[in-house]
Amino acid sequence: MAAPAADRRRPLRDFVHLIPMVLVAVGFLAIWEAVVRLQVWYSYLIPGPAQVGTALAELWNRGAIPQSIAATLSRLAVGFLLSLVLGSILALLMVHFRTFGKGIQPYVLGLQTFPSIAWVPLSLVWFGFSEASLLFVTIIGSLFAVTVSVADALRTVPPIYLKAARNMGSDGMDLILRVTVPATLPHLISSAKVGWSFAWRSLVGAEVIFATVGLGFLVEQGSENANIAQVMAVMLVILVLGVVVDRVVFSRSQEWVNRRWGLATTR
Amino acid sequence: MKGATLKLVSLGKTFEGKTGVVEALRDINLTTDEGEFITIVGPSGCGKSTLLSLVAGLEEPTTGWVEMDGTRVEGPGADRVVVFQEAALFPWLDVHGNVQFGLKVAGVPRDEREARVAEFIKMVQLENFAHARIHELSGGMKQRVGLARALVLRPRVLLMDEPFAALDVQIREEMQVVVQELWLRNATTTLFVTHDVREAAVLGDRIVVLSHRPGTVSTILMNDAPRPRTQNDPTVLEQIRRANEILKAEVTWADQHPL
C-alpha cells in the first residue's frame, strides 16, 4: 500500500541527498584545475584532472585496473571474513567468560591501536613475499578492532531480553546465539563496518609495500615510474571503492535491520 | 496440565546497593492451592517484583526458599514463566517467532511446536497477526503475545509482573477479562503482582497485601466472587475497599517511620 508510493519517491530523494556530495566534488576539481593552471609547482608533480582521467582510462583499457580490483577485493574478502569470524569468536569468549574477558581486554585494546603496517616486517619474515603474508597483515590489522567492537556490541543487549529468555529456559551459548546476537545485530553491523575499514587500510598499505599485483601495487608502480597521474588515478579508484562498499554493503544492511527491528526509521 | 502448589517459606531478600544494604523482603510465607490465582498488591518499592524474581529463580533468596510441588526451586525454569511489564518481546522475531521461542529452546519437534503455537496464538485472538512484527502491535496486543509466549510452555506456575501497568485503563480492563478466561481454561497457578488494588480484587482468589519496605505479608483477603468478574461486582467492590484501607494504613505507617 504505502510501499509503491515510497518507491516512486525514492530516486528523486536519493538524488537530492547526493547534491552536496556532487558540489564538493565539483569544487574540488575546480580548485585542483586552478592549482595546475597557476603552475604553483612542476606540472609533472601535479597532473590536472584531465591527465588523471586519461591515465585512468588508459589503465582501465589495458586491464590493469580491473585486474587489480579483482586481486585486491578477493584478498580483502578472504582476510576480512577470516578476521570477522576469528574476532567474533574471541569476542564471544570474552563476553561469555567474564574473567577471561577482563584479563584479555587491555591487550586487545592495545593491539587494536597498533599500526597494521608495523606488522609487515614480521609478516615478511614469517611468510615471505606471498599471498599468505598479505592475508596475515589484513587479518592481524583488523582482528582486534573487530574483537573490541563485537564485544562492545554484544554487551549492549538489553537485560530484559536476557531475563525473558533465561526464564523460558535458554542459557549459556544458546542464550548468546538465540538472543544476544540478534538483539545486538544493528551494533554488530557497525562492528563489521569498523572491521572492514581496518582490513581495507591494512591490505592496501601492505600491497603498497610488497605486492606484485593489486591496487596498492599499482599506486606504488606509478610512483616508481614517476607517473603521478597513475598514482592519483589509482588513489581515486581506492577512494571510490571504499565509499561504494560502505554505502552499498553496510549502509544498506543497516537500514534493512533497523527497519526489521522496528528501530528509528529515518527515511 | 494442572497448576502446581507453590510454597514460599520464610522468604527474604536483601540487596547491597550503593547506598548500603536494602532489605526488600522479609519472612514471606505463603502456600497456594493447585491452580489458584493469587494477586499481590503493595505500595511501590515493597519488593513485589523481587518476590516474583525469586519464585522464577531469576534471583537467589537471601533467606528461606521456594518449593514447587514439594521440590525446592533452583534457578530459572520454563515451568515457572514470567510475563513482564513491557512484555519484553523480541523485536527480531514476528509474533509467531516470539510465541515459539521457548518451545524451540526446549527442542520440541516441529509439528508439535507448530500445532501448539497456532493453538495459543488463536487463544489470545491474534491469528491475523501471526506474522506481524512486534513494533506493529499495540500495547494490549503485545501483552497478549507475552501471555501466549508464556502459556504455550504449559507452565505449572504463571508469574505476572504488573503486566498491564503501562496500558490505557480501557485496554487494561479488557486484558483483565482475557487473563481470567485464559486462567479458567488453563488452570495455571498464578501469582499476579500489581499496584492497582482494583485489578488485584478483580483477579485474585486471594489478595496478598504487602507492607512497606521491607515487604512482609500484611494481610491476605479471600475473594470467592464468581468469575468472570468486573470491577463493579459488589463483592469485588468490598474487597477493593478493604484492601485500600489496609494499604492506606501501611503508607501512613511508612510515612511516620522513614527508613
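About the cut-offs
- Residues numbered from 1 in each chain as written.
- Chains lettered and ligands numbered in written order.
- Predicted model: local features only at pLDDT ≥ 70, side-chain atom pairs only at ≥ 80, totals over all residues.
- Helix = DSSP H or I, 4+ residues; strand = E, 2+ residues; numbered from the N terminus.
- Rg over C-alpha atoms; globule rule 2.2 N^0.38 Å.
- Buried ≥ 20, exposed ≤ 12 C-beta atoms within 10 Å, placed from the backbone.
- Contact = placed C-beta atoms within 7 Å.
- Expected span 1.5 Å × (residues − 1).
- Bend = angle between axes of the 7 residues up to and from the residue.
- Core = buried A, V, L, I, M, F, W, Y, C linked by C-beta atoms within 7 Å.
- Nonpolar A, V, L, I, M, F, W, Y, C, P; charged D, E, K, R; others polar.
- Axes fitted to C-alpha atoms, helices over the stretch in contact; angles between N-to-C directions.
- Parallel < 35°, antiparallel > 145°, perpendicular 65-115°, else oblique.
- Left-handed = near helix turned anticlockwise from the far one by under 90°.
- Pairing = 2+ DSSP bridges.
- pLDDT = per-residue confidence, 0-100.

Give me the lowdown on the overall build of chain B, citing residues and values where you can.
Along the backbone of chain B there are 7 helices and 10 strands. In summary, chain B has a C-alpha radius of gyration of 18 Å against a globular reference of 18 Å for 259 residues, a match within 12%. The dimensions of chain B, computed from C-alpha atoms along their principal axes, are 55 × 40 × 35 Å. Going through the 259 residues of chain B one by one, you find that 45% of them count as buried. A sequence separation of at least 24 residues applies to 72% of the contacts in chain B between residues at least 6 apart.

Give me helix 4 (residues 98-112) of chain A: which residues, what numbers.
Each full turn of the α-helix corresponds to 3.6 residues, which orients residues three or four apart in the same direction. Taking 1.5 Å of rise per residue, 15 residues should cover 21 Å, and helix 4 of chain A covers 20 Å from first to last C-alpha, within 8% of that figure. The largest bend in helix 4 of chain A comes to about 40°, at Ile-104 of chain A, with the proline Pro-106 of chain A one to four residues further on.

Can you break down the nonpolar core residue by residue, with the values?
In this structure, Ile-40, Val-55, Ala-148, Leu-159 and Ala-243 of chain B are the most contacted members of the largest nonpolar core, which totals 128 residues. Looking at which element gives the most residues to this core, the answer is helix 6 (residues 131-154) of chain A, with 15 residues. If sequence neighbours within four positions are ignored, Ala-148 of chain B has contacts with Val-99, Phe-120, Ile-121, Met-123 and Val-124 of chain B.

I'd like a rundown of the interface of chain A and chain B, residues and numbers included.
The partner chain B presents 21 residues to the 15 residues of chain A that form the contact. Elements supplying a minimum of two residues to the side of chain A that touches chain B: helix 7 (159-167) and helix 8 (172-183) of chain A. Among the elements that take part in the side of chain A that touches chain B, helix 7 of chain A stands out by supplying 6 residues, more than any other. Per-class residue counts for the side of chain A that touches chain B are 8 nonpolar, 4 polar and 3 charged.

Give me the lowdown on the packing of helix 3 (residues 64-96) of chain A against helix 6 of chain A, citing residues and values where you can.
All names here are of chain A. Taken N-terminus to C-terminus, the directions of helix 3 and helix 6 make an angle of 40°; their axes are 7 Å apart at the nearest point. Judged by the angle between their axes, helix 3 and helix 6 are oblique. Here helix 3 runs over helix 6; the crossing is right-handed. Partitioned by chemical class, the residues of the contact of helix 3 with helix 6 number 18 nonpolar, 7 polar and 1 charged.

Any chance you could break down the environment of Ala-145 of chain A for me, citing the residues and the numbers?
All names here are of chain A. Note that Ala-145 resides in helix 6. The spatial distance from the C-alpha of Ala-145 to the C-alpha of Ser-83 is 9.5 Å, given a sequence separation of 62 residues. Filtering out sequence-adjacent residues up to four positions away, Ala-145 remains in contact with Gln-112, Val-194, Gly-195 and Phe-198.

Talk me through the environment of Val-22 of chain A; I want residue IDs and the actual numbers.
Residues and elements named next belong to chain A. Position of Val-22 relative to the elements: it lies in helix 1 (residues 2-37). Residue Val-22 is classed as exposed on the basis of its 10 C-beta neighbours within 10 Å. Between the C-alpha atoms of Val-22 and Thr-156, which are 134 residues apart in sequence, the distance is 37 Å.

Got a sec to walk through the sheet that holds strand 10 (residues 217-222) of chain B? Specific residues and values, please.
The strands making up a sheet are joined through hydrogen bonds of the backbone, oriented either antiparallel or parallel. All names here are of chain B. Strands sit in the order 6-7-8-3-9-10 across an open sheet of 6 strands; the sheet is mixed. The sheet terminates laterally at strand 6 (80-83) and strand 10, the two strands that pair on one side only. Taking the axes of each pair of neighbouring strands and ignoring which way they run, one obtains an average angle of 20° across the sheet. Strand direction decides the pairing type here: strand 9 (residues 206-210) and strand 10, joined by 5 bridges, are antiparallel. Looking across to strand 10, one finds that Arg-206 is bridged to Met-222. Its contacts with the sheet put helix 1 (residues 48-56) on strand 3 (37-41), strand 6, strand 7 (157-161), strand 8 (189-194) and strand 9, and the angle it makes with strand 7 is roughly 150°.

Before we move on, can you summarise the pairing of strand 3 of chain B with the specific residues and values?
Residues and elements named next belong to chain B. Most of strand 3 sits inside the fold, with 5 of its 5 residues counted as buried. Of the two faces of strand 3, the one holding Phe-37, Thr-39 and Val-41 and the one holding Ile-38 and Ile-40 are both buried throughout. Here strand 3 runs beside strand 8; their pairing, made up of 5 bridges, is parallel. Counted as the bridge partner of Val-41 is Thr-194 from strand 8. Bridge count for strand 3 against strand 9 is 4 bridges, and the pairing is parallel. Within strand 9, the position partnered with Ile-38 by the bridge is Arg-206.

Pulling in residues and values, what's your account of the packing of helix 10 (residues 215-224) of chain A against helix 11 (residues 228-261) of chain A?
Residues and elements named next belong to chain A. Between helix 10 and helix 11, whose axes approach to 7 Å, the crossing angle comes to 160°. On the basis of their axis angle, the class for helix 10 and helix 11 is roughly antiparallel. The interaxial crossing formed by helix 10 with helix 11 has left-handed handedness. Facing Leu-215, Leu-218, Val-219, Gly-222 and Ser-223 of helix 10, the residues of helix 11 in contact are Ile-228, Gln-230, Val-231, Val-234, Met-235, Val-237 and Ile-238.

Residue-level account of the confidence of the model for chain B, with values.
Residue and element names in this part refer to chain B. In this model, chain B carries a mean pLDDT of 85, and residues with pLDDT of at least 70 account for 97%. Helix 2 (residues 95-105) holds the highest mean pLDDT among the elements of chain B, 93, whereas helix 7 (residues 234-256) holds the lowest, 78. Here the predicted complex carries an ipTM of 0.84, next to a pTM of 0.79.

Lay out the confidence of the model for chain A in plain terms, naming residues and giving numbers.
The predicted coordinates ought not to be read in detail in places where the model reports low pLDDT. Across chain A, pLDDT averages 88, with 93% of residues at or above 70. A low-confidence stretch, residues 1-7 of chain A (pLDDT under 50), is modelled with 0 contacts involving residues beyond four sequence positions or located in other chains.

Tell me about the sheet that holds strand 5 (residues 71-72) of chain B, and please be specific about residues and values.
Residues and elements named next belong to chain B. Here 4 strands make up an open sheet; going across it, the order is 2-1-4-5 and the pairing antiparallel. Each edge of the sheet is formed by a strand with only one pairing partner; in this case those strands are strand 2 (20-31) and strand 5. Here strand 1 (residues 6-17) runs beside strand 2; their pairing, made up of 8 bridges, is antiparallel. Residue pairing for strand 2: Leu-8 is matched across the bridge by Leu-30.

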